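An overview of the molecular structure
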Amino acid sequence: MKKGILIAFGEIFLKSPGVQKLFKQRLFFNLSFFLKKTNLDFKIYSQRERIFVATEKTKRAIKMIKKIFGISWFAESLFFEKGSLEEVSDFVKKNYKDWIKEDETFALRLKKSSEIKQSGQKIIEEIAEGIKRKVNLEKPKREIFVEARKEGWYLYFKKKKGAGGLPVGVGGKVLALISGGIDSPVASYLMAKRGAENVWLHFHSFPLVSRASIEKVKELAKIFLEYQPHLKIYLVPFSKIQTEIRTKTLPKYRVLLYRRIMLKIAKSIAKREKCSAIATGESLGQVSSQTLPNIQIIEKAVSIPVLRPLIGMDKEEIIKLAKKIKTYQISIKPQEDCCTLFTPKHATAKGNLKEIEKMEKKLNIQKSIKDTLKEIEIINY
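The structure reproduced in this document is the subject of the present report.

About the cut-offs
- Residues numbered from 1 in each chain as written.
- Predicted model: local features only at pLDDT ≥ 70, side-chain atom pairs only at ≥ 80, totals over all residues.
- Heavy atoms only, no water.
- Helix = DSSP H or I, 4+ residues; strand = E, 2+ residues; numbered from the N terminus.
- Buried < 20%, exposed > 50% of the residue type's maximum accessible area, 1.4 Å probe, protein only.
- 1 Å grid on protein atoms, 1.4 Å probe; cavity = no way out; pocket = protein on both sides within 12 Å on 5 of 7 lines; lining within 4 Å.
- Points joined across faces, edges and corners; volume = space filled by probe spheres on them.
- Nonpolar A, V, L, I, M, F, W, Y, C, P; charged D, E, K, R; others polar.
- Contact = heavy atoms within 4.5 Å.
- Pairing = 2+ DSSP bridges.
- Axes fitted to C-alpha atoms, helices over the stretch in contact; angles between N-to-C directions.
- Salt bridge = Lys/Arg side-chain N within 4 Å of Asp/Glu carboxyl O.

Notes on the environment of Ser-331
Along the chain, Ser-331 falls in helix α11 (residues 328–331). Take Ser-331: its relative accessible area is 5%, and that puts it in the buried class. Separated by 112 residues in sequence, Ser-331 and Glu-219 have C-alpha atoms that sit 9.3 Å apart.

If you want it as structure tokens, here you go:
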């Protein structure tokens, strides 16, 4: 008998057999990587519908496992490898008093694979026969879960919800624009939950301002590395471009020009990193640059897809999720944001694309982008 954690896949089983195999391989890799970070002694059993992590330190392992995407649920479990019904039944009979108090009701929940020839009713009757407690199938105080499979029998008592989604790495790569504020780390988290490996891009205004935003992004990266094995961050100086825009363009269009040039720079880095899309923390209508007319104007600056996982969420929902993933307290630390530093008092909620394109020609944007790309700093975690 082995002690450990039983893991159930999420929507992996909606995929074709070939895709399932690739997704499970990636989940296996991610599990191994994160468990090794905890310096645990463990062994992973990869099976058809389940993964079993054999370890004596289940509490420590669960702290890591609950953050790994691609897992529907998990449970502290006992694994009777190549065991028999008699072995499981005897174990339950000897130990049930430790699990179920004398005045408590119970229910036995069984799941068996097609390879197990005994009838479900027979299995339930044989195990339940040794439990001298009252049965309540509808609202039991305690539940005992038994899974009978070709590789052995599993016994557990409580399922815990996993992180869901898809294993990080199966959905390609995205370049996530990270401001250091509340929204963008949440957007990056949601992209990772859909299996996309994130590369981060942060625009800053150093040396016109302090490195506060850069330090915040580094702190946020430490949190994010609990969900993704590795992370590359591009730090892009943006103050020269902002200064030029401020001195040569109309105030009401400056934010749109900032955003369009950011996407142009992001497109160059995405191509370098083989990212299939750019991800942002934009939410519809949250600020003037995030109205539908302005989103359209900004997006026309590039041909690469721009993904906005927060587009339909309000601020309260975003903050709730930021608190859940532990990025909120870092995000609310004060900083001089590279856009707010140069933001005019009255930015337009409905820009004019033709006027903006004329301004960009006068600014010689291509040269500015080329010069900026030479000053990039890269951090690898």
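Some thoughts on empty space enclosed by the protein
The tally for this structure, following the rule as stated, stands at one cavity of 30 Å³ or more. There is about 50 Å³ of room inside the largest cavity. Residue lining of the largest cavity: Pro-185, Tyr-189, Trp-200, Leu-220, Ile-223, Phe-224, Tyr-227, Ile-325 and Thr-327, and that is the complete set. Elements supplying a minimum of two residues to the lining of the largest cavity: α5 (183–193) and α6 (212–224). Counting residues per element, the lining of the largest cavity draws most heavily on α6, at three residues. Across the lining of the largest cavity, the residue classes break down as eight nonpolar, one polar and no charged.

Notes on the environment of Ser-32
If you trace the backbone, Ser-32 turns up in helix α1 (residues 17–37). According to the relative accessible area criterion, Ser-32 is buried, its value standing at 13%. The spacing of Ser-32 and Glu-138 is 106 residues in sequence and 38 Å in space, taken between C-alpha atoms. Other than its neighbours up to four places away in sequence, Ser-32 contacts Phe-42 and Ile-44.

Quick word on the sheet that holds strand β13 (residues 277–279)
Spatially, six strands are ordered β14-β13-β10-β11-β12-β15 in an open sheet, and the strand pairing comes out mixed. The two strands at the open ends of the sheet, each matched to only one other strand, are β14 (306–307) and β15 (377–380). Relative to strand β12 (residues 232–237), strand β11 (residues 197–204) runs parallel, the two sharing five bridges. Considered in β12, the bridge of His-202 is made with Leu-235. Where α6 meets the sheet, its contacts fall on β11, β12 and β15, and the angle it forms with β11 comes to roughly 165°.

As for the pattern of salt bridges
Evaluated as defined, the whole model comprises 21 salt bridges. For Arg-142, the salt bridge is made with Glu-104, and the minimal N-O distance between the two is 3.1 Å. Taken together, the residues Arg-142 in strand β7 (residues 142–149) and Glu-104 in the loop between α3 (85–99) and β5 (105–112) connect sequence positions 38 residues apart. Taking relative accessible area as the criterion, Arg-142 reaches 34% and is therefore assigned partly exposed.

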